[in-house]
Amino acid sequence: MLLPAAAAAAATSAASRLLPLSPSRRISSLKVPWKRDPVLDAAISRDRRFRHASRLVREVLLSPGRRLLYRYLTKRRERVKLPVRVPTFLRRYPTLLSVSPPPEPVASPSPQLRAFLDFASRLYERHAPLLASRLAKLLMISSTRALPVTKIAAAKRDFGLPDDFLASFVPRYPELFRLVGDPGPDASGNAFLELVAWDDRLAKSVIELKADREADVVGIRPRPNFTVKMPRGFYLKKEMREWVRDWLELPYVSPYADAFNLDPASPEAEKRTIGVLHEVLSLTVERRMAVPIVGKFCEEYRLPNAFVNAFTRHPGIFYVSLKGGIKTAVLREAYDEKGELVDRDPMLELKERFVAVMEEGHKKYLEDLNRMREALQKEREVAGCEGLKVAVETEDQLEEEEEHSGASEEDDDTVHKRSRRQ
């Protein structure tokens, strides 16, 4: 641990070593090869059926009266990126939606889903102060202390905000938020959410708060800095190792500090960029976010156009997964060796409850398959040759159905690649 004078000397020394390099040499020309992390990739892949189900259910929940004609729902397979036909998916997860009988079937929330929605309302109510401070922090990072509503809406689920946050959440905190303009019924209008008052208590990043907690324990506040956790088997070239070492010795730049005077090509600007990306990911429920969603905030957060390269330049801080046909930035320190979150966000309970509803229906579906298999087995024992043939063919169909209902279900990567070929 460095004392203040020693820390200042180390920072000055680091800056002097970085200074002789040209701006392009300091940052953009230092390349780091991307290396796949199977543990973090697996953490993202585990969520694929949850993502499929939540997108499909949302089509119904966002419809008037939470009711949608079934024939319309079945046509939205590509829109929600479903790997199988809608009827097949709902048959595998029957506790998600109820479908009324013909002649004009209508899809609506099932009793289990309605119970989940009641639970979600209570959870949002319980953690409203946490979500309010989270949203305020996102506005405080912005150079204008405001964000377009469309951009917040695009990332609302990443930050744990309710779908109707503009109607049910924002008006509850007039001392923090001001809505300017007309967002429209689907939050796609020209509107901004502004910060009403700056709060110094919220203007501390996760890294700074960690330093404060350590100071409470040992009595001396360590210098705020990033946690570097290199993946197993990954090595940086000597030139890059030296650059990162000197860069880490530079003073930490808070994402909430004024950054207008920073040279965009300087190591200090890189430190501020990494600080903003680290803080944004730390504010998400699962400490990860799709890179295109992060990119929506480039202007307000004063991120460079090539901000994606900042993720790959610091593989000990971030990981970029290519699973699901989209780049996802992951905060490496937030996950353990098994790909599980180290610190659980309170809003993660929402996802877990939804998955429990899914699994309840899937378990029933598999039990029904087993009962049909047993019935066919009995039928085969008493059937003649012709009946035996029919029974075997039917059983083969059941086996195929059961196989597709398990882990062998297509993932997003396969669907994405097929759609591009077509």
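Structure: above.
What comes next is a walk through the structure. These numbers were taken from a predicted model, which means no experiment stands behind them. (Residues numbered from 1 in each chain as written. Predicted model: local features only at pLDDT ≥ 70, side-chain atom pairs only at ≥ 80, totals over all residues. Heavy atoms only, no water.)

## Things to note about the sheet that holds strand S1 (residues 68–69)
Thinking step 1. Taken in spatial order, the 3 strands make up an open sheet running S1-S3-S2, and their pairing is antiparallel. Of all strands in the sheet, those with a lone pairing partner are S1 and strand S2 (97–99), marking the two edges.
Thinking step 2. Sheet topology places S2 next to strand S3 (residues 106–109); 3 bridges connect them, and they run antiparallel. In the sheet register, Ser 98 faces S3, and the bridge partner there is Ser 108.
Thinking step 3. Its contacts with the sheet put helix H4 (residues 48–61) on S1, S2 and S3, and the angle it makes with S3 is roughly 105°. (Pairing = 2+ DSSP bridges. Helix = DSSP H or I, 4+ residues; strand = E, 2+ residues; numbered from the N terminus. Contact = heavy atoms within 4.5 Å. Axes fitted to C-alpha atoms, helices over the stretch in contact; angles between N-to-C directions.)

## Thoughts on the nonpolar core
Thinking step 1. Among the nonpolar cores identified, the biggest contains 104 residues, and Leu 96, Phe 169 and Phe 177 are the most heavily contacted of them.
Thinking step 2. When residues of this core are assigned to their parent elements, the largest contribution, 9 residues, is made by helix H8 (residues 128–141).
Thinking step 3. Ignoring any residue separated from it by four or fewer positions in sequence, one finds Phe 177 in contact with Ala 132, Leu 135, Ala 136, Leu 139, Phe 169, Val 170, Leu 193, Glu 194 and Val 196. (Core = buried A, V, L, I, M, F, W, Y, C linked by side-chain atoms within 4.5 Å. Buried < 20%, exposed > 50% of the residue type's maximum accessible area, 1.4 Å probe, protein only.)

## A short note on the packing of aromatic side chains
Thinking step 1. Per the stated rule, a full pass over the model turns up 12 aromatic pairs.
Thinking step 2. For the ring pair Phe 307 and Phe 311, a centre distance of 6.1 Å and an interplane angle of 75° mean the geometry is edge-to-face. With Phe 307 and Phe 311 both in helix H16 (residues 307–313) and 4 residues apart, this pair spans about one turn of that helix.
Thinking step 3. For Phe 307, a relative accessible area of 5% translates into the label buried. (Phe/Tyr/Trp six-rings, centres within 6.5 Å; stacked < 30°, edge-to-face > 60°.)

## So, the layout of surface pockets
Thinking step 1. A volume near 680 Å³ is recorded for the second largest pocket.
Thinking step 2. Forming the boundary of the second largest pocket are 26 residues, of which Val 206, Arg 213, Ser 282, Arg 287 and Asp 343 lie nearest the centre.
Thinking step 3. Looking at the lining of the second largest pocket, the elements with two or more residues in it are H8, helix H11 (206–218) and helix H13 (267–282).
Thinking step 4. Top element by residues in the lining of the second largest pocket is H11. It accounts for 5 residues.
Thinking step 5. In terms of residue class, the lining of the second largest pocket is made up of 11 nonpolar, 4 polar and 11 charged. (1 Å grid on protein atoms, 1.4 Å probe; cavity = no way out; pocket = protein on both sides within 12 Å on 5 of 7 lines; lining within 4 Å. Points joined across faces, edges and corners; volume = space filled by probe spheres on them. Nonpolar A, V, L, I, M, F, W, Y, C, P; charged D, E, K, R; others polar.)

## A look at the pattern of salt bridges
Thinking step 1. Using the criterion set out here, one finds 26 salt bridges in the structure.
Thinking step 2. With a shortest N-O distance of 3.0 Å, Arg 178 and Glu 194 are connected by a salt bridge. One end of the pair, Arg 178, is in strand S5 (residues 177–181); the other, Glu 194, is in strand S6 (residues 191–195), with 16 residues separating them in the sequence.
Thinking step 3. The residue Arg 245 makes a salt bridge to Asp 246 at a minimum N-O spacing of 3.1 Å.
Thinking step 4. For Arg 245, a relative accessible area of 42% gives the class partly exposed.
Thinking step 5. Classification of Asp 246 by relative accessible area gives buried; the value is 6%.
Thinking step 6. It is possible to trace a salt-bridge network through shared partners that takes in Asp 47, Glu 286, Arg 288 and Lys 351. (Salt bridge = Lys/Arg side-chain N within 4 Å of Asp/Glu carboxyl O.)

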